[in-house]
Amino acid sequence: MTETSPTTLVYQAAVVGGGPAGLATAIALAQAGVTTALVARRVPYADNRTTALLGGSVDFLESLGVWQRCSADAAALRTMRLVDDTRRLIRSPEVKFSSDEIGMEAFGYNIENRLLMVAMEARAAELENLTRIDDEAQSVSTGETAVRVVTRQGQTLMAALAVGADGRHSLCREAAGIGVKRRDLGQSALTLNVTHTRPHGNCSTEFHTESGPCVFVPLPGNRSSIVWVLKPDEAERLTALDDDALALAAEKQAHSILGKLAVAPGRHVFPLAIENPDTLAAKRIALVGEAAHVLPPIGAQGLNMGLRDAADLAETVRDALLMGADPGSDDLLQRYARARRADVFSRTFAVDMANRTLLSDFLPAQSLRAAGMHLLDRVGPIRRLAMREGLSPSWRQR
């Protein structure tokens, strides 16, 4: 396993997967002085979905030299509005959060993923100790001193540490022997972008319905992105509509707060699930992004958690190398797993409970939800704590 041929490339770290979490991890590692390979096809990012980058995510991207390249393409999120749009006996009060309540200009910024990826790719190309292998991993195998990655075109890489950023069906996770618990939620998310005749005022509005939340998130100009959680058959019905009919359906769901809507090209439907690996690291492999956690798109936690994975892993590896330690050692992997465990568990639990209580027809669950929303609406210290913790956990372990 540790023998290399003349054509084998050797690195301190190899990142497998080139989505936003993988690119961020590769950039962070290389910027920390780690000789890094990124194994991922360089293909245009055609998906028009967006990400609401919250709290420390923007600071992290700025430290990577990425945010400066794309901030003009993002819309500030200054107000978060939660509206109970169910027809149930017990309904929650409307809650509105303003970023100035906690001394911030904005909670975060919403940006199209393709534009974020362009900025990341440009930054990655500047780093001398980051090598791009424009290919996909075909196999990943672990050994005592290194991980071997073989690409589809036959290139072999060896690395003391491999980072699995290769999504839900992770080769790296499988190679590390890490099991995963998966629970289908019986919901689907319909995503699309719209233009509208009324300004959004940098306010993100989330309507809570019996099938899940529908959130309208600002984009630059009179545009917004929509993430609409529905029962699978209803999601398929809506996505099959023509643009005018879908725009009318979305306008009705929004109670016309944004005026007349027009649907932009590109819409997607995907099933929702929660996935939790047994551990986040083993056998010289660390997991980040959707290889490490899968959540429904509630509270914009997905990529924000993936960026925290990248930040914590890069910091852990940098500190280990400063002490002359092996970047793929069990001790380092366990430090990373501990640093991420509480964050991943708490966010998964919170998102799951928010979703369960919204879907539940059980009156005590509805009462509990309404009481919680009332506290958020009326009790200042609880409001401010919820806002700060929603952006980034203050108790992140190291």
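Refer to the preceding data block for the structure.
Everything quoted here is computed from the prediction, not taken from an experiment. (Residues numbered from 1 in each chain as written. Predicted model: local features only at pLDDT ≥ 70, side-chain atom pairs only at ≥ 80, totals over all residues. Heavy atoms only, no water.)

A.B. asks: I'd like a rundown of unusual backbone geometry, residues and numbers included.
C.D. replies: Of note, N202 is a non-glycine position whose phi angle comes to about 55 degrees, a positive value. Turning to its location among the elements, N202 is positioned in the loop between β12 (180-196) and β13 (203-209). Classification of N202 by relative accessible area gives buried; the value is 19%. Despite not being glycine, R284 has its phi angle at roughly 70 degrees, a positive value. For R284, the location among the structural elements is in the loop between β17 (281-282) and β18 (285-287). (Helix = DSSP H or I, 4+ residues; strand = E, 2+ residues; numbered from the N terminus. Buried < 20%, exposed > 50% of the residue type's maximum accessible area, 1.4 Å probe, protein only.)

A.B. asks: Explain the nonpolar core to me, and be specific about the residues and the numbers.
C.D. replies: Judged by nonpolar contacts, the single largest core of 74 residues is most densely connected at L53, L61, L116, M120 and I285. Discounting chain neighbours no more than four positions away, the residues touching L53 are V58, L61, W67, F107, G108, Y109, I111, L116, L303, N304 and L307. In terms of nonpolar packing, the next biggest core, distinct from the first, is built from 19 residues, W228, L238, A247 and L261 among them. (Core = buried A, V, L, I, M, F, W, Y, C linked by side-chain atoms within 4.5 Å. Contact = heavy atoms within 4.5 Å.)

A.B. asks: Explain the environment of E251 to me, and be specific about the residues and the numbers.
C.D. replies: Along the chain, E251 turns up in helix α7 (residues 243-253). Sequence separation between E251 and L261 is ten residues; the distance between their C-alpha atoms is 6.2 Å. The residues touching E251, leaving out its near neighbours within four places in the chain, are S256, G259, K260 and L261.

A.B. asks: Can you lay out the packing of helix α1 (residues 20-31) against helix α8 (residues 302-322) for me, pointing to particular residues and giving the numbers?
C.D. replies: Viewed as axis vectors pointing N to C, α1 and α8 meet at an angle of 25 degrees, and their least axial separation amounts to 9 Å. Between α1 and α8, the interaxial angle falls into the category roughly parallel. Where α1 crosses over α8, the handedness of that crossing is right-handed. Where α1 approaches α8, its residues P20, A21, A24, T25, A28 and L29 are matched on the opposing element by L303, G306, L307, A310, L313, A314 and V317. In terms of residue class, the contact of α1 with α8 is made up of eleven nonpolar, two polar and no charged. (Axes fitted to C-alpha atoms, helices over the stretch in contact; angles between N-to-C directions. Parallel < 35°, antiparallel > 145°, perpendicular 65-115°, else oblique. Left-handed = near helix turned anticlockwise from the far one by under 90°. Nonpolar A, V, L, I, M, F, W, Y, C, P; charged D, E, K, R; others polar.)

A.B. asks: Which residues make up the pattern of salt bridges, and what values do they have?
C.D. replies: Counted according to the given criterion, the structure contains 24 salt bridges. The salt bridge involving D312 is made with R340; its shortest N-O contact spans 3.3 Å. Highlighted residues: D312 in helix α8 and R340 in helix α9 (residues 330-359), separated in sequence by 28 residues. (Salt bridge = Lys/Arg side-chain N within 4 Å of Asp/Glu carboxyl O.)

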